[in-house]
Amino acid sequence: MTTDYRDTVFLPRTDFPMKAGLPNKEPKWLERWQAEGVYDALRAQRQGKEKFVLHDGPPYANGAIHLGHALNKILKDVIVRSQSMLGKDVPYVPGWDCHGLPIEWKIEEKYRKKKKNKDEVDPVEFRKECREFAGQWIDTQRQQFKRLGIFGDWDNPYLTMDYAAEAAIAAELLKFAESGQLYRGAKPVMWSPVEKTALAEAEVEYEDIVSTQIDVGFEITESPIEELVGAKAVIWTTTPWTIPVNQALAYGEDIEYVLVETGGGVTSQKLDKTSQEILVDKPNFKPGDRFLVAKGLLEVFEKRTKSYHRNEPFVWSGLGKDLVGTIACHPMHQKGGFFAKPRPFLPGDFVTTDAGTGLVHMAPDHGEDDFDLCKKHGIDPVFPVTPEGKYRDDWPWLGGMGNVINKKFTAADGPICSDLREAGGLLSASDDFNHSYPHSWRSKAKIIYRCTPQWFIPMDDFKSSAMNRDELAPGRGNNPTLRGLALDAVERTRWVPARSRNRIQSMVEGRPDWVISRQRSWGVPITLYLHRKTGQYLIDPEVNARIVKAFEEGGADAWFEADHQALLGEKYDLAEYEPINDILDVWFDSGCTHAFVVEQREALKKADTTLYVEGSDQHRGWFQSSLLESCGTRGRAPYDDVLTHGFALDGQGRKMSKSLGNVIDPQKVVDQYGADILRLWMVSTDYYDDVRISNEIIKGAADSYRKLRNTLRFLLGALEGFTDAEKLDPSEMPALERYILHRVWEMADAVRTATNDYDFNALFQAVFQFCIQDLSAFYFDIRKDSLYCDAADSTRRRAARTVLDVLFRCLTTWLAPILVFTSEEVWRTRMGENASSIHLETYPDIPADWRDDAAAARWAQVRAVRRVVTGALEIKRRDKTIGSSLQASPVVSISDAAVIAALDDLEVADIFITSGATLRHQEPPEGSFTLPDVPGVGVEFALALGAKCERCWKVLEEVKTATPNGDLCVRCAQVLGYV
């Protein structure tokens, strides 16, 4: 009868379960951390250490969090926790953006459902509803973020709607005012007719639409070129609604233009779907009509208009510069008044021959290039379009009509085209032009460029002396512009990834003046007094101080309820001043959060490094508004480092949307799998670019998690009962353990490098591969025999357990910023329920003398040989020749003496996990098993001779003679005291 030796084997023992049960366990850890005050304890412990501040870019408080929020907040938390693991003081104060259109729009929706006009509501009451709405979602989002394991000062977040914050925002605005960096001007800005307000670039998204494209002829009435008089200068546009606002035509000075005489147009027929009648579509011109277009665009023009020109030579040809002095009339000139004024030809360096006709119609009310060119030539905007997008009631053509973004209004059969056709100006019209067009991020409606009086911060007219000019980069000059200061700050900032520097640099280089006013209700007002006669705003530090104090006591509502005479004081008469009621751009709000969060909160002051982390869209949003605000008031960027991440897409790389049914709710992922799985998914992606997520991808992350959990569970079981007394110095360890310690040194260096580079995908991949390849498939596999079967006090077992202890401390801390709940569970399973949290620990300091490059080179050769042996044995396992590798004793032929030397003095059978092995210095024999990438190594299979040891399962000849029962090997017999 075989003796049962299972009780004599040191099998791993641990209460740590293989089944994670994260959805149930994680909330309990959150409660425990709260009860233990772990975050506060960490702050106290790190007092006086190097300070690292990740300043939270505030999300809008207007709905439940989505996957983009989760990606952003998890990445921030991994950064905060990993920097803390470096021993730094890393406070994290979460914040919310509480003002602006997203929240105001939600309250307006409520009024619209009741068929009430928001403008009829008392502004203070309306603002109160906005404040309450934001407050409700702040509480909801706070709990959702905390559930993700985000560490921070959740009881004291910053809110842009707090009275102190609103006062600070107003104070920052007044700094610009006092330094002369504000002006009021009428310029075309992006305008939402639906929301009736100006929009910032960051509030705009682009969608593909189909527009009406038209060709319109402007009859030339005067020109130094005789042939042109009476001809039609042709323009092409995809915004027909701007034709009623045209004031000039632009040409390119170096573009070649031709005057052609048409031979006529093609008559076509189409079926009216309603009446079933045949309709004749005749061209809106006749043979002999003359058209002026760019030569390079003549062919596409004639294709659109279904026309053809008579044989060359052209009636006239020349360069744009020859058109100086040419004047046309508006197609609707018969309307008189505005439309009867001459339309001059103006040189425009923006005119190209990419599309159209090479001539561009100018509507200074509705285009930046149009505005600038017309202004240069003394042509002013006329403000014909109302905030709702209609033409003014008194406008001589289409007055009171619109909405100008309505597709039917601008269609080929709409009123604009119909009137132009009747007047003889319309040469072509079709509803078939596909292109990208700006839409409001909130309402999803199309926007327009509309000239209105707004408040601006100039990019190129800088008057502040707030900065130390000696700190400027060379070449910026002694009187830098805001644009120059911002570009200087961009150069001085560390951008991650490095390519993102180019993006924000190009945006700052090309951006227009910052329009900071909004025609809304919810937000911080532009706290200025405008002189009714001069139009100049009041600059008085004493008045400004009273305004800020009023805000500190009553918030921004104080402006709408103010005794403005009291704020002005005795020096000024309110009858001479008009309080401005426009609302500040919400990006100005969030752009100056550094002023009342990073600079004012005691825990955040004087950071050694300040980092901003947001999605790539924030190069035109928060990154840029923060940069401009800080450069305008402090002469520098508010950050040292900026990290940009991508967006979360579905598994096919599509944007998530309810209409596609591809939205993945982070709360559902957490409820099903646990937050640690979502966190692991984040670090397993290349988050510098857009990342994909699907149910299959989440399942893949869960599988990776199980493998890591297995590794940690093995460590816990194998370290049962381990104490410091059992530890060995590396100098006393076998070569294998010294090699693993070298790998630990390499990994520690990689972890710290990745932490400082904010590259947690690299960190995770390195740790994951280390666990799977170096540990589970190699080191653990080899040393299981020693751990289970060697004597408890044997050098080899003690060395292995010492290394396992090192691995435990390293892996748990390396993974703690990622698997925040699991690492805590693993840590306290070993350290005891009353132990302090792992999140109070730091990455272990690894001795420099663990580095052994020679050992690394040696073991690279050993592992290569091992792969060949393992491959050979796997074939025999598959064909049932053996059931276990311990039944084998392979013969390994190696041609390279250096490889033979690398295996010298090693227990190669243990490394191969066989019962025996024979090494031969020779070329691999014909028919031996080889691998293409390991030349010079061949394996011949041979069965191990002898009997199976019933304790360690090795097959050895000594088994029959080692003990009276003949069922143990010598090693096992000695361990049990039989010999």
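Values in this document were obtained by computation on a predicted structure and should not be read as measured data.

A. Just the sheet that holds strand S32 (residues 929-931), in detail. Spatial ordering of the open sheet is given by S31-S30-S33-S32, a layout of four strands whose pairing is mixed. The open sheet is flanked by strand S31 (918-921) and S32, the only strands paired with a single partner. Each strand of the sheet is rotated relative to its neighbour by a mean of 25°, with strand direction disregarded. The pairing of strand S30 (residues 891-894) with strand S33 (residues 934-940) spans four bridges and is classified as antiparallel. What sits directly across from Val891, in S33, is Glu940. Contacts between helix H26 (residues 853-878) and the sheet are confined to S30, S32 and S33, with S33 contributing the most and set at about 40° to the helix.

B. Just the packing of helix H21 (residues 695-718) against helix H25 (residues 820-831), in detail. Two elements in contact, H21 and H25, have axes whose closest approach is 11 Å; the angle formed by their N-to-C orientations is 10°. With respect to H25, the axis of H21 lies roughly parallel. Two secondary-structure elements touch here, H21 through Tyr705, Arg709, Leu712 and Leu716 and H25 through Thr822, Glu825, Val826, Thr829 and Arg830. Grouping the amino acids of the contact of H21 with H25 by side-chain chemistry returns four nonpolar, two polar and three charged.

C. The arrangement of the nonpolar core in detail. Counting residues in hydrophobic clusters, the biggest one holds 161 residues, and the most contacted among them are Ile79, Leu678, Tyr779, Leu807 and Trp814. Looking at which element gives the most residues to this core, the answer is helix H23 (residues 760-789), with 16 residues. Filtering out sequence-adjacent residues up to four positions away, Leu807 remains in contact with Leu715, Ile740, Val744, Phe770, Leu775, Tyr779 and Phe780. In this structure, Ile504, Leu530, Val543 and Val597 belong to the second largest nonpolar core, which totals 65 residues.

D. Seen up close, unusual backbone geometry. Cis geometry is found at the peptide bond from Gly402 to Asn403, where omega equals 15°. The topology assignment puts Asn403 in the loop between helix H8 (368-376) and helix H9 (407-410). The omega torsion across Val496 and Pro497 is -5°, close enough to zero to call that bond cis. Along the chain, Pro497 turns up in the loop between strand S20 (494-496) and helix H12 (500-510). Residue Tyr758 is not a glycine yet carries a positive backbone phi of 55°. Examined against the element boundaries, Tyr758 turns out to sit in the loop between helix H22 (735-757) and H23.

E. Up close: the confidence of the model for the chain. Of the residues in the chain, 96% reach a pLDDT of 70 or more, and the chain-wide mean stands at 90. For the chain, per-element mean pLDDT is lowest for strand S11 (residues 278-281), which scores 41, and highest for helix H24 (residues 795-815), which scores 98. Scored below 50 in pLDDT, residues 268-280 shows 15 contacts in the model against residues more than four places distant or in partner chains.

F. Fine view of the pairing of strand S26 (residues 609-615). With seven of its seven residues buried, S26 lies for the most part within the structure. Pairing of strand S1 (residues 52-55) with S26, which is carried by four bridges, proceeds in the parallel orientation. Of the residues in S26, the one forming a bridge with Val53 is Thr610. Pairing of S26 with strand S27 (residues 641-645), which is carried by five bridges, proceeds in the parallel orientation. Residue pairing for S27: Leu611 is matched across the bridge by Asp641. Chirality of the crossover, the property in question, places the unit of S26, helix H18 (residues 622-634) and S27 among those that are right-handed.

G. Geometry of the environment of Tyr183. Relative to the elements of secondary structure, Tyr183 occurs in strand S4 (residues 183-192). Look at Tyr183 and you get partly exposed, because its relative accessible area is 25%. Each C-alpha atom, one on Tyr183 and one on Gln536, is 8.7 Å from the other, the two residues being 353 residues apart in sequence. Residue contacts for Tyr183: discarding those within four places in its chain leaves Gln454, Trp455, Phe456, Pro458 and Asp513. Within the structure, Tyr183 has its side chain in polar contact with the side chain of Asp513 (distance 2.5 Å).

H. Quick peek at a negative patch on the surface. Together, Glu253, Asp349, Glu368, Asp369 and Asp372 make up a negatively charged patch on the protein surface. Topologically, Asp369 is positioned in helix H8.

I. Structural view of the packing of H21 against H24. One can describe the packing of H21 onto H24 by two numbers: an axis separation of 10 Å at closest approach and a directional angle of 140°. One finds that H21 runs oblique with respect to H24. For H21 against H24, the interelement crossing comes out left-handed. In this structure, H21 uses Leu708, Thr711, Leu712, Leu715, Leu716 and Ala718 to contact H24, whose residues at the interface are Arg801, Leu804, Leu807, Phe808, Leu811, Thr812 and Leu815.

J. Structural detail: H24. Spanning 21 residues, H24 covers 30 Å between terminal C-alpha atoms, matching the ideal 30 Å at 1.5 Å per step. Counting buried residues along H24, 18 of its 21 residues qualify, which places the element largely inside the surrounding structure.

K. Up close: the pattern of salt bridges. Tallying each qualifying case throughout the model produces 65 salt bridges. Its salt-bridge partner being Asp785, residue Arg971 comes within 3.0 Å of it at the nearest N-O pair. Of this pair, Arg971 sits in helix H30 (residues 970-975) while Asp785 sits in helix H23, placing them 186 residues apart in sequence. Like Asp785, Arg971 is buried. Linked through salt bridges whose partners overlap, the residues forming this network are Asp785, Asp790, Arg796, Glu907, Asp910, Lys954 and Arg971.

L. Just the side chain of Arg511, in detail. The topology assignment puts Arg511 in the loop between H12 and strand S21 (514-515). Despite its burial, Arg511 pairs with no opposite charge; the closest candidate is Asp585, at 6.9 Å N-O. Excluding its chain neighbours within four sequence positions, the residues that come into contact with Arg511 are Met459, Arg483, Gln624 and Leu628.

M. The arrangement of the environment of Lys115 in detail. Here Lys115 shows up in the loop between helix H4 (101-113) and helix H5 (123-147). Along the backbone, Lys115 and Val245 are 130 residues apart, and their C-alpha atoms lie at a distance of 33 Å.

N. Summary view of the sheet that holds S1. Strand order in this open sheet of four strands is S1-S26-S27-S20, and the pairing throughout is parallel. A strand with exactly one partner marks an edge of an open sheet, and here the two such strands are S1 and S20. Here the strands of the sheet are splayed against their neighbours by 20° on average, with no regard to which way each runs. Bridge analysis of S20 against S27 gives three bridges, and the strand direction is parallel. From the neighbouring strand, Arg494 faces S27, where its bridge partner is Asp641. The strands touched by H18 are S1, S26 and S27; relative to S26, the strand with the most contacts, the crossing angle is about 140°.

Parameters at a glance
Residues numbered from 1 in each chain as written. Predicted model: local features only at pLDDT ≥ 70, side-chain atom pairs only at ≥ 80, totals over all residues. Heavy atoms only, no water. Pairing = 2+ DSSP bridges. Helix = DSSP H or I, 4+ residues; strand = E, 2+ residues; numbered from the N terminus. Axes fitted to C-alpha atoms, helices over the stretch in contact; angles between N-to-C directions. Contact = heavy atoms within 4.5 Å. Parallel < 35°, antiparallel > 145°, perpendicular 65-115°, else oblique. Nonpolar A, V, L, I, M, F, W, Y, C, P; charged D, E, K, R; others polar. Core = buried A, V, L, I, M, F, W, Y, C linked by side-chain atoms within 4.5 Å. Buried < 20%, exposed > 50% of the residue type's maximum accessible area, 1.4 Å probe, protein only. pLDDT = per-residue confidence, 0-100. Right-handed = clockwise from strand over helix to strand, strands pointing away. Polar contact = N/O pair within 3.5 Å; in protein donor to acceptor, adjacent residues only side chain to side chain. Patch = residues over 30% accessible without salt bridge, like charges linked within 9 Å, V, L, I, M, F, W, Y side chains within 5 Å. Areas by Shrake-Rupley, 256 points an atom, 1.4 Å probe, with all protein chains shown as cover. Salt bridge = Lys/Arg side-chain N within 4 Å of Asp/Glu carboxyl O. Lys, Arg positive; Asp, Glu negative; His and termini not counted. Charge placed at Lys NZ, Arg CZ, Asp CG, Glu CD. Left-handed = near helix turned anticlockwise from the far one by under 90°. Expected span 1.5 Å × (residues − 1).

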